[in-house]
Amino acid sequence: MQRTLLSRLRTPLAIGVVGITLAACSTSPLGRSQLAFYPDDQLEQMGKQSFAQYQQKLPEIGGATYEYVQCVAHAITDEVPADAGIANWEVKVFKDDTANAFALPGGYIGVNSGLLDVTQNQDQLAAVIGHEVGHVLAHHANERVSTQAATQTGLSILQAAAGLDGAAGEQLMGLLGAGAQYGVILPFSRKQESEADKIGLDLMAQAGFNPRASIELWQNMAAQSQGAPPEWLSTHPSDQSRIQGLQARMDQAVPLYQQAQANGERPQCQR
Ligand SMILES: [Zn+2]
């Protein structure tokens, strides 16, 4: 038992140590330097694994609902630069009343059916998906896992990376951004949130979705949170400074949107 655990740990531990010496720091798309111990392919593996766990736990929805979410998600991911290195984005809709969505390293997007009750139209849904894809493009999962590994022993993360289920696996999902479902609520940092907002806003505008819907979305989320807050809000806290940040970038995003529309990028995703 002990031996099995160690042998399972050895590979990710070795990769982790190499990562510490070679890639302890990287730079986000917006120029912020960040901690990144792990190579991209290891994060992609973690993302794939977490997505598989999510799929095991929740039933999927197909049909028109799936077509709608897929239409919005792919319009967004079509705008992701090729150098992000993600060839295919897999999209799933899960049957669950909690308003949650996530995107994982490697190109995995999950949307809970409950989110479709909170987002009022395709543009608001695009704002959520754009934001989540923004977290992936800015390598926020790597930063969170690396910070965790630097501040604790990192053992539980490495166990999770080695394929162990249970609490370690759920903690990993939480770090990657998919954990609200299982009670592992780990809010992204304010810097990460602000970066994901900016990247998401640009992506949605370039895809031809109205970027002003991002502000409606947050106001909408805040209004919903008077009663029981949507799950997504617990990991992506809403505040006035976020809306101000989006406002401040709107002068830049609206022309991107107008340009996309002029180029015929006018998504019409039907619910
Ligand atoms: Zn976020």
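What comes next is a walk through the structure. (Residues numbered from 1 in each chain as written. Predicted model: local features only at pLDDT ≥ 70, side-chain atom pairs only at ≥ 80, totals over all residues. Heavy atoms only, no water.)

1. A word on the packing of helix H9 (residues 190-206) against helix H12 (residues 240-262)
When two helices pack together, their arrangement is captured by the angle between the axes and the distance separating the axes.
Working step 1: H12 packs onto H9 with a crossing angle of 20° between their chain directions and a minimal axis gap of 8 Å. Accordingly, the angle class assigned to the pair H9 and H12 is roughly parallel. In the crossing of H9 with H12, the sense of the turn from one axis to the other is right-handed. Contact with H9, carried on its side by Arg190, Glu193, Asp197, Lys198, Leu201, Asp202, Ala205 and Gln206, involves Ser241, Arg242, Leu246, Arg249, Met250, Gln252, Ala253, Leu256, Tyr257 and Ala260 of H12 and no other residues of that element.
Working step 2: Of the residues that constitute the contact of H9 with H12, the class distribution is eight nonpolar, three polar and seven charged. (Axes fitted to C-alpha atoms, helices over the stretch in contact; angles between N-to-C directions. Helix = DSSP H or I, 4+ residues; strand = E, 2+ residues; numbered from the N terminus. Parallel < 35°, antiparallel > 145°, perpendicular 65-115°, else oblique. Left-handed = near helix turned anticlockwise from the far one by under 90°. Contact = heavy atoms within 4.5 Å. Nonpolar A, V, L, I, M, F, W, Y, C, P; charged D, E, K, R; others polar.)

2. Structural notes on the pairing of strand S5 (residues 101-104)
Working step 1: Of the two faces of S5, the one carrying Ala101 and Ala103 and the one carrying Phe102 and Leu104 are both buried.
Working step 2: One ladder, built from four bridges, connects S5 with strand S6 (residues 108-112); its direction is antiparallel. Its bridge partner lying in S6, Leu104 is registered against Tyr108.
Working step 3: Turn length for the S5-S6 hairpin, with the two strands adjacent in sequence and antiparallel, is three residues, and the turn residue Gly106 shows positive phi of about 100°. (Buried < 20%, exposed > 50% of the residue type's maximum accessible area, 1.4 Å probe, protein only. Pairing = 2+ DSSP bridges.)

3. Digging into the packing of helix H3 (residues 63-77) against helix H5 (residues 122-137)
Working step 1: Remark: H3 packs on H5, axes separated minimally by 9 Å, with the N-to-C direction vectors making an angle of 50°. Here H3 lies oblique to H5, going by the angle between them. When the axes of H3 and H5 are compared, the crossing they make is right-handed. Side by side, H3 and H5 meet where Tyr68, Val69, Val72, Ala73, Ile76 and Thr77 of the first sit next to Gln122, Leu125, Ala126, Ile129, Gly130 and Val133 of the second.

4. Focus on the nonpolar core
Working step 1: Membership of the largest hydrophobic core comes to 49 residues, with the highest contact counts inside it found for Ile109, Ile129 and Val133.
Working step 2: In terms of residue count, H5 provides more of this core than any other element does, eight residues in total.
Working step 3: Once residues lying within four places of it in the same chain are set aside, the contact partners of Ile109 are Phe51, Ala73, Thr77, Trp89, Glu90, Val91, Lys92, Phe102, Ala103, Ile129 and Val133.
Working step 4: Residues Phe37, Phe102, Ala141 and Leu175 belong to the second largest nonpolar core, which totals 17 residues. (Core = buried A, V, L, I, M, F, W, Y, C linked by side-chain atoms within 4.5 Å.)

5. Details of the layout of surface pockets
Working step 1: Considering only enclosed or pocket space, the largest pocket measures out at about 470 Å³ in volume.
Working step 2: Around the largest pocket, the lining is made up of 23 residues, and of these Pro29, Ala84, Val136, Leu137 and His139 lie nearest the centre.
Working step 3: Elements represented by at least two residues in the lining of the largest pocket include exactly helix H2 (40-57), H5, helix H6 (140-151) and H9.
Working step 4: No other element matches H9, which puts four residues into the lining of the largest pocket.
Working step 5: Broken down by class, the residue content of the lining of the largest pocket amounts to twelve nonpolar, five polar and six charged. (1 Å grid on protein atoms, 1.4 Å probe; cavity = no way out; pocket = protein on both sides within 12 Å on 5 of 7 lines; lining within 4 Å. Points joined across faces, edges and corners; volume = space filled by probe spheres on them.)

6. Examining the pattern of salt bridges
Pairs can form between side chains of opposite charge once their charged atoms are near each other.
Working step 1: Inspection of the entire model under this criterion finds five salt bridges.
Working step 2: Its salt-bridge partner being Arg249, residue Asp202 comes within 3.0 Å of it at the nearest N-O pair. Of this pair, Asp202 sits in helix H9 while Arg249 sits in helix H12; the two residues are 47 residues apart in sequence, bridging distant segments of the chain. Both residues of the pair, Asp202 and Arg249, count as buried.
Working step 3: Salt bridges linked by common partners bring Glu60, Glu90 and Lys92 together as one network. (Salt bridge = Lys/Arg side-chain N within 4 Å of Asp/Glu carboxyl O.)

7. Some points on the packing of aromatic side chains
Working step 1: In this structure the tally under the stated criterion is five aromatic pairs.
Working step 2: Ring centres of Phe51 and Tyr108 lie 5.2 Å apart, and the angle between their planes is 35°; on these two criteria the pair is classed as tilted. Of the two residues, Phe51 is situated in helix H2 and Tyr108 in strand S6; the sequence distance between them amounts to 57 residues.
Working step 3: Using a relative accessible area of 1% as the deciding quantity, one classes Phe51 as buried.
Working step 4: Taking relative accessible area as the criterion, Tyr108 reaches 13% and is therefore assigned buried.
Working step 5: The structure contains a cluster of three or more aromatic residues connected by ring pairs, namely Phe51, Tyr54, Phe94, Phe102 and Tyr108.
Working step 6: In this structure, Arg242 is placed above the aromatic ring of Trp218, and the distance from its NZ or CZ to the ring centre is 3.8 Å. (Phe/Tyr/Trp six-rings, centres within 6.5 Å; stacked < 30°, edge-to-face > 60°. Lys NZ or Arg CZ within 6 Å of the ring centre and 35° of its normal.)

Purely geometric numbers; function is a separate question.
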